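So you can see what is in the structure, the chains are spelled out below.
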Amino acid sequence: MKTDTTGGFTEEAFEAFLKGRDEPGWLTDRRREAFARFQAFAWPTMRDEEWRRTDVRALKMNEFGPASAVEPSARARSAFDPLWETLSSHYGTGVEHVDGALVRKADPAKLGGAVFVDLDTAAKDHPELLKRYLHTEVVKPSDDVFAALHAAFWSGGTLLYVPKGVKVELPLFSVAGMTEEGRVDFSHTLVVLEEGAEATLVRETASHGRGDAPALHVGAVEVVQEASSRLRLVNLQNWDAATWHFTRERALVGRDATLQWTVGALGSRLSKVNQEVALTGQGASAQVNGVMFTTGKQHLAYFTRQDHMAPHTTSDLLYKSGLKDRSRVVWKGMIRVEKDAQRTDAYQKNDSLILSESARADSIPGLEIEANDVRCTHGATAGKVDEEMVFLCQARGIPRETAVRLIVEGFFANVYDRITVEPVRETLRQAVAAKLGNS
């Protein structure tokens with residue numbers, strides 16, 4: 001029997017959502033196609049391999065509906081002022097959405113010739129870019145039920161477009177926040193770098209003053225890098241402990257292009273994230289860094305994929321997880337090498353540090369190789385804090401709590417060292433220390 005996946009996202013709600021938006025016909029048609037796919041999908045269950053370790057039966061879709069067109073209050077608009085000021089002090093300029101509504105725009109004078117705007121503006125001012133790239137070849141509505149739901153109901157989000165040869169010197173940032181006035185966030189990020197372009201983008205999601213009310217984020221990140229482009233992309237996920245987080249994130253990396261992609265997974269009640277890097281051009285390379293820390297009853301499931309589609313491509317993935325209380329982390333990685341992708345060099349590793357008796361880490365690395373001249377390695381480790389190390393610290397007068405903090409910092413040190421955006425390293429260090437229970 002097919003489970004109802006619609007919940008509050010009914011046909012009536014969809015039509016009302018469309019009426020509240022001023023969009024070109026081609027975009028409306030794409031939304032309708034995506035909504036039809038959403039209605040046709042079966043709801044995931046633990047009988048499905050991808051969801052076998054992630055139980056979403058407690059997610060009540062009838063508690064949510066499409067994002068409201070109502071402007072946030074002055075209180076909601078100011079809720080993330082401290083975060084905005086902090087990011088502004090580190091980076092060039094940014095775009096902010098609160099409860100799905102645009103609150104702040106980027107300063108064009110700091111873009112160096114790039115386009116960095118909210119998606120509603122992009123649909124009006126840069127329709128050719130959205131028509132070419134939005135949900136066409138990177139993240140598709142056919143990928144799964146949440147991808148279809150997002151493609152039908154996305155609202156908010158940003159476009160970063162860097163023309164050929166343009167180098168954006170200052171890092172850019174975007175903020176998506178939810179307050180007690182918001183229940184859903186369906187923001188979308190589209191990044192397009194033409195040949196020889198360079199940029200850095202830091203994305204941060206956060207909650208403020210929401211209490212225990214359930215919230216839902218269904219998002220997508222699409223990245224297209226043309227030949228010889230350079231991108232540093234950072235995702236910092238810090239939703240509150242009542243937020244359900246689902247997203248598909250994929251990058252197409254062209255000939256001789258390089259991508260450094262850093263993920264900080266800190267918040268949410270439950271996360272199910274698919275992060276994929278497709279190396280589509282000869283000489284393409286990608287480095288993927290992940291820092292995850294869970295507390296309470298959090299459940300984070302991250303599925304990563306390094307897809308080598310062309311020869312002489314390189315990928316290097318390192319995810320590290322710290323777990324406390326009754327939390328759980330599921331990481332499933334796959335290196336896929338197509339038959340024409342000779343001389344591939346790929347590596348993936350996931351390490352987990354378990355800090356309580358009740359926490360659980362599932363690490364599942366994988367390889368699918370069809371070429372015969374490759375170097376592909378993978379690995380995973382899980383363990384507790386070494387009591388001998390704690391004893392050595394205590395023997396030197398260091399209190400146990402301080403010793404554990406130092407060991408945890410050392411555990412994450414080599415992934416921090418890979419991150420070339422200094423403020424991001426410090427943000428992650430502070431966030432992990434805070435979740436560990438040390439300021």
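Shown above is the structure to which this text applies.
A brief report on the enclosed structure follows. (Residues numbered from 1 in each chain as written. Predicted model: local features only at pLDDT ≥ 70, side-chain atom pairs only at ≥ 80, totals over all residues. Heavy atoms only, no water.)

### Focus: the packing of aromatic side chains
Turning to step 1, where the next piece is worked out: If you walk through the whole model with that rule in mind, you get 17 aromatic pairs.
Turning to step 2, where the next piece is worked out: Here Phe 35 and Phe 38 contribute two aromatic rings whose centre-to-centre distance is 6.1 Å and whose plane-to-plane angle is 40 degrees, an arrangement assigned as tilted. One end of the pair is Phe 35 and the other is Phe 38, both in helix H2 (residues 25-40) and three residues apart, which spans about a single turn.
Turning to step 3, where the next piece is worked out: Judged by relative accessible area, which is 2%, Phe 35 ranks as buried.
Turning to step 4, where the next piece is worked out: Classification of Phe 38 by relative accessible area gives buried; the value is 0%.
Turning to step 5, where the next piece is worked out: An angle of 50 degrees between the planes, with centres 6.2 Å apart, marks the rings of Tyr 302 and Tyr 319 as tilted. Placement of Tyr 302 in strand E15 (residues 299-308) and of Tyr 319 in strand E16 (residues 314-323) is noted, with a sequence separation of 17 residues between them. (Phe/Tyr/Trp six-rings, centres within 6.5 Å; stacked < 30°, edge-to-face > 60°. Helix = DSSP H or I, 4+ residues; strand = E, 2+ residues; numbered from the N terminus. Buried < 20%, exposed > 50% of the residue type's maximum accessible area, 1.4 Å probe, protein only.)

### Some thoughts on helix H1 (residues 11-19)
Note: α-helices contain 3.6 residues per turn, so residues at a spacing of three or four share the same orientation.
Turning to step 1, where the next piece is worked out: Every buried residue of H1 is listed here: Ala 13, Phe 14, Phe 17 and Leu 18. Projected down its long axis, H1 carries its buried residues within an arc of 135 degrees, all on one side. Exposed and facing more than 90 degrees away from the buried side of H1 are Glu 12 and Lys 19. (Arc of directions from axis to C-beta.)

### Focus on unusual backbone geometry
Turning to step 1, where the next piece is worked out: The phi dihedral of Asp 99 is positive, around 50 degrees, even though this residue is not glycine.
Turning to step 2, where the next piece is worked out: Checked against the element boundaries, Asp 99 lands in the loop between strand E1 (93-98) and strand E2 (101-104).
Turning to step 3, where the next piece is worked out: Taking relative accessible area as the criterion, Asp 99 reaches 12% and is therefore assigned buried.
Turning to step 4, where the next piece is worked out: The residue His 312 is not glycine, and still its phi comes out positive at about 55 degrees.
Turning to step 5, where the next piece is worked out: Take His 312: it is sitting in the loop between E15 and E16.

### Regarding the nonpolar core
Turning to step 1, where the next piece is worked out: Grouped together as the largest cluster of nonpolar side chains are 42 residues, with contacts concentrated most on Leu 160, Val 162 and Leu 259.
Turning to step 2, where the next piece is worked out: For this core, the element with the most residues is strand E12 (residues 258-265), which contributes four residues.
Turning to step 3, where the next piece is worked out: Setting aside residues no more than four positions away along its own chain, Leu 160 makes contact with Ala 114, Val 115, Phe 116, Leu 172, Leu 190, Val 191, Val 192, Ala 199 and Leu 201. (Core = buried A, V, L, I, M, F, W, Y, C linked by side-chain atoms within 4.5 Å. Contact = heavy atoms within 4.5 Å.)

### Considerations on the sheet that holds E12
Turning to step 1, where the next piece is worked out: The strand order across the open sheet built from 10 strands is E2-E1-E5-E8-E10-E12-E14-E16-E18-E21, with neighbouring strands paired in mixed fashion. Two strands close off the open sheet at either side, each with one partner strand: E2 and strand E21 (375-384). The mean inter-strand angle of the sheet, taken between neighbouring strand axes irrespective of direction, is 10 degrees.
Turning to step 2, where the next piece is worked out: Pairing analysis gives eight bridges linking strand E5 (residues 172-179) to strand E8 (residues 198-208), with the strands arranged parallel. Opposite Gly 177, over in E8, you have Ala 206 as the bridge partner. (Pairing = 2+ DSSP bridges. Axes fitted to C-alpha atoms, helices over the stretch in contact; angles between N-to-C directions.)

### Things to note about the pairing of strand E17 (residues 328-337)
Turning to step 1, where the next piece is worked out: Among the 10 residues that make up E17, nine are buried, leaving the element largely enclosed by the rest of the structure.
Turning to step 2, where the next piece is worked out: Pairing analysis gives 10 bridges linking E15 to E17, with the strands arranged parallel. Across the sheet, residue Tyr 302 finds its bridge partner in E17, namely Trp 331.
Turning to step 3, where the next piece is worked out: As paired elements, E17 and strand E19 (residues 360-364) share five bridges and run parallel to each other. By the bridge assignment for E19, Val 330 is matched with Asp 362.
Turning to step 4, where the next piece is worked out: In terms of strand pairing, E17 meets strand E20 (residues 367-369) through three bridges, oriented parallel.

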